[in-house]
There are 2 protein chains.
Amino acid sequence: MVSRRAAALAAQPPAIAAAHFRAEAHPYHPRLRPGGYINLGTAENRLVWDLLAPRLTGPRPLSAADTHYAPLHGTDAFREQLARFLGGVCRTEVDPEHLVVVSGVTSALDVIASVLCDPGEAIVVPAPYYGAFDVDLVGRSGARLLPVPLSAGRNFQVTASEIGHALTRARERGVTVRAVALASPGNPVGHVHPPQVLREIAEVAGQHGVDVIVDEIYANSVFGGAPFVSFLDPEVRRAGTGRVHIVWGFAKDFGLPGFKIGVLCSPDPEVCAAARALAYFAATSTDTQAVLRDVLADRAWVARFLAESRRRLALSYASSVELLTAAGVPFVPVGAGFSLWVDLGAWLTAPTFAAEHALWERILEQACVNVLPGQLFASPDPGWFRICYATDLAVVTEGISRVVRLLGASEPRGDERAAVSSRPVGATRYESIED
Amino acid sequence: MVSRRAAALAAQPPAIAAAHFRAEAHPYHPRLRPGGYINLGTAENRLVWDLLAPRLTGPRPLSAADTHYAPLHGTDAFREQLARFLGGVCRTEVDPEHLVVVSGVTSALDVIASVLCDPGEAIVVPAPYYGAFDVDLVGRSGARLLPVPLSAGRNFQVTASEIGHALTRARERGVTVRAVALASPGNPVGHVHPPQVLREIAEVAGQHGVDVIVDEIYANSVFGGAPFVSFLDPEVRRAGTGRVHIVWGFAKDFGLPGFKIGVLCSPDPEVCAAARALAYFAATSTDTQAVLRDVLADRAWVARFLAESRRRLALSYASSVELLTAAGVPFVPVGAGFSLWVDLGAWLTAPTFAAEHALWERILEQACVNVLPGQLFASPDPGWFRICYATDLAVVTEGISRVVRLLGASEPRGDERAAVSSRPVGATRYESIED
Ligand SMILES: Cc1ncc(COP(=O)(O)O)c(C=O)c1O
Ligand SMILES: Cc1ncc(COP(=O)(O)O)c(C=O)c1O
């Protein structure tokens, strides 16, 4: 027997992780296992190991002090480097005292949700959203999510007015909302949100007296025409708007998901103090902090690394887009992140999530490709899939080709759902901003 | 504003950590800062860095896979090494699938408490106990502790009958107890619990249908005559006894508290599954897991390292005991751990915890020595202090000498409390077992 709370958590193992490990267990190899699994489900940057290896595999200048007890929300030296780095990314002064380092952005999301919400209180999230929000923001905090469905017709762009309506509706129904949470750049839809939209979100949240949690984990993985603008950018933050809490980590931009280093940045002293108390339970290794501290200290290297990573991401994105376009598979054009949001609605046997799940299984079983179904991201409509391309070009090409072959074997449905999806790819305001 | 839960956690920052960082900020140096702080408050093994440095500062043979997403309760390779190592320590077969690696024993305690207890349910703990149990077992789980006061007259030895009485009393009062928790070897009193006592505890817990949580973080820091016997040892575990969950980590035995690597070992599949779900929020760096995996794989080195660490601990312990004995300061003789449990009751201005706190402050302010007052460890009686000696001999000597000088300046009280304390040091059954 275990506690009710633990039983509830264990009952929903994150589906994303399960599919990941299944695909990883028998991976594709062009020669050794040509029929093996191709993992386009996990948003992992596998394009940069050659750049990282020299920095991570060499001798480590650790001192005794690096192995002792240290502030459990991150060593002073690491937070200083992080503050300088994030200050550059967010184009604002970042105080190391506002940073709380924890075990991945996963923990950072748990910490900020637990700090802001008592059990039963709510967080508004535009949907589709990063699927693990359901666990990270909810699992330990006891908060609940209120999804705001975004419109496929507007390419799933986030708008402040829809968030505002959700906040108003929640208040009318007597629900206490503590925050709006969103990923910026987006995931699963890798939009780079325009500063104007961010500003409006800040304003509407401020008007409703709720905080904003912004997951900027992809901040440096922006490769389209529109530059990243942080929620902390002075252009976005203005007098009179409410509290904003940013999370960031090394999993995406630095291709180091295994290191599980995330950071919460909150300018509010009370929130910071509470977050530090929770960080005590999710403290990170001073060993890994030391090596990342030294990586960040080499600013020239970091600038080159991130530029090269973006270049490679752009290439992978362009090839994937080309394959999908050639096959007539619709998708949302974006300028950031590791994944494409692809519309396979025309290939569903019915416009339902059950049919989406069936297609997902067919792709996993028959094509041996792990992509993720939109339902995992709280997609408002069935038929969307997330395909990650931040890996070896040959692997991506093989993976997408397999999916396309599988789809080719089945006729697209000719109903109204397919018609919506077949709008000209990229004929949207967003394309011109980002690509 | 923050959530009620977060406010409660932040309101009690672990006092141990606060005193630690104060003392570390202006440390003693024989030449450069002879009046500086001496930190005998933190149970940190500072005797072994010269042995560790060659293994930790060299090149790291990390592969790309070591940086990718991995099972969030520890990589397979690390858990395999851990299982083999712990199997040797505990003299039993340990299944890597029973291990859940998390961010320090701190997190392991949080995880097991949260898995076993719903909010309001109780854990019975013999007192004095490791002070952070109040945060680790309680802070996020919402469980509460029921201390079982141990008797100074019996040198604070744990007995199964006292635990049994506490369980019976709790039941009579309608309190749901889920577990008994104890450190073995003990902390703050470094007893090596005899197998007979452990067996009786297992039996009494089994009779009452509660689990046992055993914190064996000091398992390899045993230097007295009595060998360590794990709660998992077949000599202790017998048919019919209840569930046992062990926690261990690298902070003490390996002198690596900064690395924050802890592990929960539970043979119960349901507990393990729930613990894995919680470990997701306290995942550890694959980077640090990789280096510790390689350390553990070198079994000959580990055996030499632990033997040398024990030898140095024994020396430091013996010197500290000599200084205290010469000064007529009573203490409990023990055979494990990094600290002495010292009775300064005779130097209190009154037999109260307020007087204990005042003496603690005097030692910190006037002698500039950080030792910890017994109240932090839920000591049943005022006047006890924990003095850590697992650091440079010159530093320990200076620290204890300063305390002794400070005490010498004030007359011991001649009341009944002092009389109890002045029993002949070490004239107990325990000494013969352990030392
Ligand atoms: C938006 C977003 N936030 C958080 C995470 C998880 O971050 P971490 O691996 O640092 O816990 C991911 C990874 O998939 C993500 O896409
Ligand atoms: C009995 C006991 N358990 C747990 C801990 C903390 O372990 P960690 O540093 O791995 O979180 C300590 C350290 O003081 C301890 O003495």
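Here the structure is a predicted model, which is why all the values come from computation and not from measurement.

A. A look at the interface of chain A and chain B. If you look at the interface, chain A gives 73 residues, while chain B gives 73 residues. Buried surface at the junction of chain A and chain B, summed over both partners, amounts to about 6,100 Å²; 56% is from carbon and sulfur atoms. Taken as a group, Tyr-69, Arg-140 and Phe-281 of chain A account for 15% of the area that chain A buries against chain B, more than any other trio of residues on that side. In this structure, the salt-bridge partner of Arg-4 of chain B is Asp-118 of chain A, at a minimum N-O distance of 3.8 Å. The interface formed by chain A and chain B includes 43 residue pairs in polar contact (both at pLDDT 80 or more). Elements represented by at least two residues in the side of chain A that touches chain B include exactly α1 (4-11), α2 (15-25), α3 (49-56), α5 (104-116), α6 (133-136), α9 (269-279) and α10 (286-297) of chain A. Here the side of chain A that touches chain B is composed, by residue class, of 37 nonpolar, 20 polar and 16 charged.

B. Representation of the site of ligand 1 in the model. Taken together, Gly-104, Val-105, Thr-106, Tyr-130, Asn-187, Asp-215, Ile-217, Tyr-218, Ala-251, Lys-252 and Lys-260 of chain A together with Tyr-69 of chain B are the residues near ligand 1. In this structure, ligand 1 is bordered by residues of chains A and B. A distance of 2.5 Å is found between an oxygen atom of ligand 1 and a side-chain nitrogen or oxygen belonging to Thr-106 of chain A. Calculation on ligand 1 without its partners gives an accessible area of 390 Å², and the protein chains cover 96% of this total.

C. Summary view of the packing of helix α10 (residues 286-297) of chain B against helix α11 (residues 299-326) of chain B. All names here are of chain B. Where α10 meets α11, the closest approach of the two axes is 5 Å, and the angle between their N-to-C directions is 85°. Of the possible angle classes, the one that applies to α10 and α11 is roughly perpendicular. Contacts from Val-295, Leu-296 and Ala-297 in α10 reach Arg-299, Trp-301 and Val-302 in α11.

D. Quick peek at the side chain of Thr-288 of chain B. Residue placement: Thr-288 of chain B occurs in helix α10. A residue is classified by how much of its surface remains accessible, and Thr-288 of chain B, at 0% relative accessible area, is buried. One polar contact links Thr-288 of chain B to Ser-285 of chain A, side chain to side chain, over a distance of 2.7 Å. One polar contact links Thr-288 of chain B to Asp-287 of chain A, side chain to side chain, over a distance of 2.8 Å. Ignoring anything within four residues of it in the chain, the contact list for Thr-288 of chain B reads Ser-285, Asp-287 and Thr-288 of chain A together with Phe-259 and Ile-261 of chain B.

E. Layout of the domain arrangement of chain A. All names here are of chain A. Domains assigned within chain A are domain 1 (4-50 + 303-422) and domain 2 (63-298). Computed over C-alpha atoms only, the centres of domain 1 and domain 2 are separated by 25 Å. Listed by partner, the interface residues are 32 residues for domain 1 and 32 residues for domain 2. Both sides together, the interface formed by domain 1 and domain 2 hides about 2,700 Å², and carbon and sulfur atoms give 68% of it. At the surface where domain 1 touches domain 2, the tally comes to zero salt bridges. Elements represented by at least two residues in the side of domain 1 that touches domain 2 include exactly α11 (299-326), β10 (339-343) and β13 (384-388). Among the elements that take part in the side of domain 1 that touches domain 2, α11 stands out by supplying seven residues, more than any other. Along the lines of polarity and charge, the residues of the side of domain 1 that touches domain 2 split into 22 nonpolar, six polar and four charged.

F. Summary view of the packing of aromatic side chains. All names here are of chain A. Counted by the stated rule, this structure contains 37 aromatic pairs over all chains. Judged by centre distance (5.0 Å) and plane angle (85°), the rings of Tyr-218 and Phe-338 are edge-to-face. Taken as a pair, Tyr-218 in the loop between β6 (211-215) and β7 (244-249) and Phe-338 in the loop between β9 (331-332) and β10 lie far apart in primary sequence, 120 residues in all. For Phe-338, a relative accessible area of 0% translates into the label buried.

G. Focus on the relation of the copies chain A and chain B. It takes a turn of 180° to lay chain A on chain B, together with a shift of 0.0 Å along the axis; the resulting RMSD is 0.0 Å. In short, the pair behaves as if placed about a two-fold rotation axis. No C-alpha of chain A approaches the rotation axis more nearly than that of Pro-59 of chain A, which lies at 1.9 Å. Both copies share a contact surface, since 100% of the interface residues of chain A are interface residues in chain B too.

The rules behind the values
- Residues numbered from 1 in each chain as written.
- Chains lettered and ligands numbered in written order.
- Predicted model: local features only at pLDDT ≥ 70, side-chain atom pairs only at ≥ 80, totals over all residues.
- Heavy atoms only, no water.
- Contact = heavy atoms within 4.5 Å.
- Buried area = accessible area lost by both parts, 1.4 Å probe.
- Salt bridge = Lys/Arg side-chain N within 4 Å of Asp/Glu carboxyl O.
- Polar contact = N/O pair within 3.5 Å; in protein donor to acceptor, adjacent residues only side chain to side chain.
- Helix = DSSP H or I, 4+ residues; strand = E, 2+ residues; numbered from the N terminus.
- Nonpolar A, V, L, I, M, F, W, Y, C, P; charged D, E, K, R; others polar.
- Near = heavy atom within 4 Å.
- Areas by Shrake-Rupley, 256 points an atom, 1.4 Å probe, with all protein chains shown as cover.
- Axes fitted to C-alpha atoms, helices over the stretch in contact; angles between N-to-C directions.
- Parallel < 35°, antiparallel > 145°, perpendicular 65-115°, else oblique.
- Buried < 20%, exposed > 50% of the residue type's maximum accessible area, 1.4 Å probe, protein only.
- Domains from an automatic or database assignment.
- Phe/Tyr/Trp six-rings, centres within 6.5 Å; stacked < 30°, edge-to-face > 60°.
- Least-squares fit on C-alpha atoms with pLDDT ≥ 70 in both.

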